[in-house]
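Spelled out from the first residue to the last, the chains are:
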Amino acid sequence: MKYILIIITIGSVFFSCNSGRKPPIVSFYYWRTTFEVSELERQTLQENDVKKVYVRYFDVNLDEWGNPRPESPVRFKHHPRNLEVVPVVFIKNAVMLSNALDIDSFAENIIRYIDQIDNVSGNKPCKEIQIDCDWTLKSRDRFMQFVDALKKRSGKKLSATIRLHQVKYYRTTQIPNVDNAVLMYYNMGKIASDTLNSIYDRNIALNYVKSLRKYPLSLDIALPIYAWGVHIRDEGVMGLIGKTDKSVFEKDTNFLVDKHSNIIRVKNSNMSNGRYFLRNDKIKIEDVFEKDLQLMVKDIKKQLPYTPREVIFFDLDEFNIKKYRNETQLFKDIANRF
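Everything in this summary refers to the structure shown in the same document.

Calculation criteria
- Residues numbered from 1 in each chain as written.
- Predicted model: local features only at pLDDT ≥ 70, side-chain atom pairs only at ≥ 80, totals over all residues.
- Heavy atoms only, no water.
- Helix = DSSP H or I, 4+ residues; strand = E, 2+ residues; numbered from the N terminus.
- Rg over C-alpha atoms; globule rule 2.2 N^0.38 Å.
- Buried < 20%, exposed > 50% of the residue type's maximum accessible area, 1.4 Å probe, protein only.
- Contact = heavy atoms within 4.5 Å.
- Areas by Shrake-Rupley, 256 points an atom, 1.4 Å probe, with all protein chains shown as cover.
- Pairing = 2+ DSSP bridges.
- Phe/Tyr/Trp six-rings, centres within 6.5 Å; stacked < 30°, edge-to-face > 60°.
- Salt bridge = Lys/Arg side-chain N within 4 Å of Asp/Glu carboxyl O.

### Some points on the overall build of the chain
Turning to step 1, where the next piece is worked out: Within the chain, the secondary structure is distributed over eleven helices and 18 strands.
Turning to step 2, where the next piece is worked out: The C-alpha radius of gyration of the chain comes to 22 Å, within 12% of the 20 Å expected for a compact globule of 338 residues.
Turning to step 3, where the next piece is worked out: With the principal axes as the frame, the chain shows a C-alpha extent of 80 × 55 × 40 Å.
Turning to step 4, where the next piece is worked out: Buried residues in the chain amount to 49% of all 338 residues.
Turning to step 5, where the next piece is worked out: Contacts in the chain between residues at least 24 apart in sequence constitute 73% of all its contacts with a sequence separation of at least 6.
Turning to step 6, where the next piece is worked out: A total accessible area of about 17,600 Å² is found for the chain, and carbon and sulfur atoms account for 51% of it.

### Concerning the pairing of strand β6 (residues 84-91)
Turning to step 1, where the next piece is worked out: Counting buried positions along β6 yields six of eight residues, so the element is predominantly enclosed.
Turning to step 2, where the next piece is worked out: Two strands pair when backbone bridges link them, and strand β3 (residues 52-62) and β6 are joined in this way by eight bridges, in the parallel orientation. Paired with Val60 across the bridge in β6 is Ile91.
Turning to step 3, where the next piece is worked out: Strand direction decides the pairing type here: β6 and strand β7 (residues 128-132), joined by three bridges, are parallel. Bridge pairing in β7 places Val89 opposite Ile131.

### Remarks on the packing of aromatic side chains
Turning to step 1, where the next piece is worked out: All told, the structure shown has 23 aromatic pairs when counted by the stated rule.
Turning to step 2, where the next piece is worked out: Ring centres of Tyr29 and Trp31 lie 5.9 Å apart, and the angle between their planes is 85°; on these two criteria the pair is classed as edge-to-face.
Turning to step 3, where the next piece is worked out: Judged by its relative accessible area of 2%, Tyr29 is buried.
Turning to step 4, where the next piece is worked out: Given the relative accessible area of 25%, Trp31 is considered partly exposed.
Turning to step 5, where the next piece is worked out: Ring geometry for Tyr29 and Tyr54: centres 5.4 Å apart, planes at 50°, overall tilted. On the criterion of sequence distance, the pair formed by Tyr29 in strand β1 (residues 25-30) and Tyr54 in strand β3 is long-range, its members being 25 residues apart. In this pair, the class of Tyr29 matches that of Tyr54, namely buried.
Turning to step 6, where the next piece is worked out: By way of ring pairs, the aromatic residues Tyr29, Trp31, Tyr54, Tyr186, Tyr226, Trp228 and Phe314 are connected into one cluster.

### Looking at the pattern of salt bridges
Turning to step 1, where the next piece is worked out: One pass over the structure, following the stated rule, counts 24 salt bridges.
Turning to step 2, where the next piece is worked out: In this structure, the salt-bridge partner of Glu108 is Arg153, at a minimum N-O distance of 3.2 Å. Taken together, the residues Glu108 in helix α4 (residues 103-121) and Arg153 in helix α5 (residues 140-154) connect sequence positions 45 residues apart.
Turning to step 3, where the next piece is worked out: A residue is classified by how much of its surface remains accessible, and Glu108, at 33% relative accessible area, is partly exposed.
Turning to step 4, where the next piece is worked out: Close ionic contact of Asp281 with Arg233 constitutes a salt bridge, the shortest N to O distance being 2.9 Å. On the criterion of sequence distance, the pair formed by Asp281 in the loop between β16 (275-277) and β17 (282-286) and Arg233 in strand β11 (residues 228-233) is long-range, its members being 48 residues apart.
Turning to step 5, where the next piece is worked out: The partly exposed category is assigned to Arg233, whose relative accessible area is 21%.
Turning to step 6, where the next piece is worked out: Connected through shared salt-bridge partners, Lys52, Glu128, Asp220, Arg309 and Glu310 make up one network.

Spelled out as structure tokens, the structure:
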């Protein structure tokens, strides 16, 4: 009886500690140029208790004179009710490498353009800005200066996306002066004819994930739910085909779809979805399934010394969601595995 009481006491302590654990909240990235949420997308947000969406507001590239310019700004056709909108600005690394870049003016222009989009769309002023830029060692110092300038001038919470290599080699890539960062757990491999899956390759991920133990900045986690096709001709990459999986080609007799392979072969030259395919071209489907998401969480959880505050899925799109519809609260369930 004495030993039974001890076991019960230990068990009570264990479960009381676990009951105090706060699971991550679920959020989504929104990466289209028109904010217009479908019924399925709205249902997904509701079923997974989503209160925040990270909306790509615009990209920044260089003009012909080497000056930064905004591209493809988002247009809000639907008003995001009951959702906090976090503007995400994707900055190409070439911008940070430009000799014509004035850091202070650039930061001011970023803030001004976000405000313009919010004013036109009637959105509430944002509380947070997220910067998405895959900076390199050559652009590192300018990027860090830009982050400092943006944080000082905006007066808002600032977050940034972080790649796996920037986690592993943070002493050389350095850590941006942001309030928190989001680990992009995707786009790991090279887009090529002979790679397995450039979106998610567990073997590549395992070479980096142990570094999470020592990364000094708190990380939220971004997980992929998208798919694309790699158009291959004579073993060379012709380009990427977005929002593509096997189902897109199964009913088209110009393509040979093997259910046991991720390679689709072009049987007859044809024009499909605005792209010309030659006979013997190949389309390599790169996709992420529920079992992949479970493995990602398992591997990250094993190394991350804390429960992430937030899990953000990339990205909110009806095409992406449909393949996960067997379980209505899948995204919440995946996040709860941390």
